[in-house]
Amino acid sequence: MPRFLRPAAVVPAAVMIGLLAAAPAASDEPVVSNAHVIAHFDLANGQTPENLVTERGGSVDVTFAFARQVAKVTRERRVRVLATLPAENNARTSLMDGAVTLGLARAHDGTLYVNYATGTGKTGVWRIPAGGGTPEQIAQLPPGGLPNGLALDERHGVLYAADSVLGTVWRIPQTGGTPTAWATGTTLRGLPAPATGFGANGIKVHQDAVWVTNSDRGTLLRIPVGADGSAGTIETRATGLTGVDDFVFPGHSDVVLAALNPSNEVVLVHPDGARATVLTVQDGLSNPTSLAVNGRDVFVAGGAYSTQRDPNLLKAHLRAHFARS
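Residues numbered from 1 in each chain as written. Predicted model: local features only at pLDDT ≥ 70, side-chain atom pairs only at ≥ 80, totals over all residues. Heavy atoms only, no water.

### Structural notes on the side chain of N51
Stage number 1. Mapped onto the elements of the fold, N51 is located in strand β2 (residues 49-54).
Stage number 2. Since its relative accessible area comes to 8%, N51 is described here as buried.
Stage number 3. A polar side-chain atom of N51 sits 3.0 Å from the main-chain amide nitrogen of L104.
Stage number 4. Ignoring sequence-local partners within four residues, the contact set of N51 consists of D61, V62, T63, L102, G103, L104, D246 and S290. (Helix = DSSP H or I, 4+ residues; strand = E, 2+ residues; numbered from the N terminus. Buried < 20%, exposed > 50% of the residue type's maximum accessible area, 1.4 Å probe, protein only. Polar contact = N/O pair within 3.5 Å; in protein donor to acceptor, adjacent residues only side chain to side chain. Contact = heavy atoms within 4.5 Å.)

### What about the pattern of salt bridges?
As a working rule, side chains carrying opposite charge can pair if their charged atoms are close by.
Stage number 1. All told, the structure shown has 13 salt bridges when counted by the stated rule.
Stage number 2. When the shortest N-O distance is used, the salt bridge between E235 and R237 registers 3.4 Å.
Stage number 3. You can call E235 partly exposed: its relative accessible area is 27%.
Stage number 4. With a relative accessible area of 28%, R237 lands in the partly exposed category.
Stage number 5. Overlapping salt bridges, with partners in common, bring together E55, D61, K72 and R106 in one network. (Salt bridge = Lys/Arg side-chain N within 4 Å of Asp/Glu carboxyl O.)

### Some words on the sheet that holds strand β8 (residues 124-128)
Stage number 1. The strand order β6-β7-β8-β9 describes an open sheet built from 4 strands, whose pairing is antiparallel. Taken across any chain shown, the strands that pair with only one partner, and hence form the sheet edges, are β6 (100-106) and β9 (136-140). Ignoring strand direction, the axes of neighbouring strands in this sheet form an average angle of 30°. (Pairing = 2+ DSSP bridges. Axes fitted to C-alpha atoms, helices over the stretch in contact; angles between N-to-C directions.)

### Some words on the packing of aromatic side chains
Stage number 1. Scanning the entire structure with this criterion turns up 6 aromatic pairs.
Stage number 2. Measuring from ring centre to ring centre gives 5.0 Å for W211 and F249, while their planes differ by 80°; the resulting arrangement is edge-to-face. Here W211, found in strand β15 (residues 209-214), pairs with F249, found in the loop between β18 (244-248) and β19 (256-260); they are 38 residues apart in sequence, far enough to count as distant.
Stage number 3. W211 sits in the buried class, given a relative accessible area of 1%.
Stage number 4. For F249, a relative accessible area of 3% puts it in the buried group.
Stage number 5. Measuring from centroid to centroid gives 5.8 Å for F247 and F249, while their planes differ by 80°, and the two rings are edge-to-face. (Phe/Tyr/Trp six-rings, centres within 6.5 Å; stacked < 30°, edge-to-face > 60°.)

### Description of the sheet that holds strand β11 (residues 158-163)
Sheet strands pair by backbone hydrogen bonding; their relative direction is either parallel or antiparallel.
Stage number 1. Strand order across the open sheet formed by 4 strands is β10-β11-β12-β13, with antiparallel pairing between neighbours. Each edge of the sheet is formed by a strand with only one pairing partner; in this case those strands are β10 (147-153) and β13 (180-184). Pairwise comparison of adjacent strand axes, ignoring direction, gives a mean angle of 25° for this sheet.
Stage number 2. Alignment of β10 against β11, held across 5 bridges, turns out to be antiparallel. What sits directly across from D153, in β11, is V158.

### As for the environment of L52
Stage number 1. Its location among the elements puts L52 in strand β2.
Stage number 2. On the basis of relative accessible area, L52 is assigned to the buried category, the value being 4%.
Stage number 3. Measuring from C-alpha to C-alpha, the distance between L52 and V62 comes to 4.3 Å, with 10 residues separating the pair along the chain.

### Thoughts on the environment of V158
Stage number 1. Among the secondary structure elements, V158 is positioned in strand β11.
Stage number 2. Since its relative accessible area comes to 7%, V158 is described here as buried.
Stage number 3. Sequence spacing of V158 and L112 is 46 residues, and the spatial spacing of their C-alpha atoms is 13 Å.
Stage number 4. Setting aside its immediate chain neighbours within four residues, V158 contacts A151, L152, D153, R171, I172 and Q174.

### As for the environment of D245
Stage number 1. For D245, the location among the structural elements is in strand β18.
Stage number 2. For D245, a relative accessible area of 7% gives the class buried.
Stage number 3. Between the alpha carbons of D245 and V293 there is a distance of 16 Å; along the sequence they are 48 residues apart.
Stage number 4. Beyond its immediate stretch of four places on either side in the chain, D245 contacts E50, N201, G202, T213, S215, A259, N261, P288 and T289.
Stage number 5. Within the structure, the side chain of D245 is placed 3.4 Å from the side chain of N261, a separation counted as a polar contact.

### Focus on the side chain of N148
Stage number 1. Tracing the backbone through its elements, the reader meets N148 in strand β10.
Stage number 2. Here N148 is in contact with E50, L102, G103, N115, A162, S164, F198, A200 and N201, once residues within four sequence places are set aside.

### Digging into the nonpolar core
Stage number 1. In this structure, V32, L257, V266, V278, L279, V300 and L318 are the most contacted members of the largest nonpolar core, which totals 19 residues.
Stage number 2. Of all the secondary structure elements, the ones that give two or more residues to this core are β19, β20 (265-269), β21 (275-279), β22 (288-294), β23 (297-302) and β24 (312-318).
Stage number 3. A per-element tally of this core places β24 first, with 3 residues.
Stage number 4. Contact partners of L279, with chain neighbours within four places excluded, come to V32, A35, N264, E265, V266, L285, V300 and L314. (Core = buried A, V, L, I, M, F, W, Y, C linked by side-chain atoms within 4.5 Å.)

Here it is, written out as structure tokens:
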């Protein structure tokens, strides 16, 4: 008979009682709760938060895209600028109006790495000393591209940058140097008009693979990292994530929290591709661009690119089941 019609095995009552006692109790606690805005930023001065990383003490570092800045939001909700990227008067940045700071990564010693896109020779990865200071360009990327998300694999000493225009994942030595076009292909590229043209966007290193979102295609992709550091075959892990921007792994599994920018949503995406909305505009989202998790704290940056109101940083509480142990 078909497998799903097989009779259930008979389990002795004593064994069944033991199994029930050992099973975890179901929880009515939402996946994400107690969402509230902890910092409001200045839209008129270009303080549109694009990417963020957390620090051990609970502070959050963010990139202000159009202000060309990296700033720290302290636990006391004070905002302090750590660095300003050099001005570019002749910016010709693809898809953007002016020079922009985008992806952000943080090393264990506090050093920050940021993607800066100008459409000129300043386009690439820049390094900022721990605690702030003068930025230094450590890698130049093609001026016609748009290096967006940035991820650091400190164990192997490499950075990965997702280029939204060129549909490329760049691999860069953490110490700086010549980038390598590590992964390319149609699945990483954006779509022509009337789509936005944004392809590869958010990027994370997780479980011996590089994971990337594609905004135009609404997909979450996984790229295995080979033993020699090469890119394996690109796998599509989720679809239908319209306007997806950045994402984060809240725990050790492949469950993802993803920011859907145009619809003002944060969704929980399961390994089988199923998803559920966990935060909305009613929680304070304003075009969510990126997320970070620190213990059971979830932080969401809102760039307010289309809402044009209240760029902010939101904090929420993550259910223990999903948090990293």
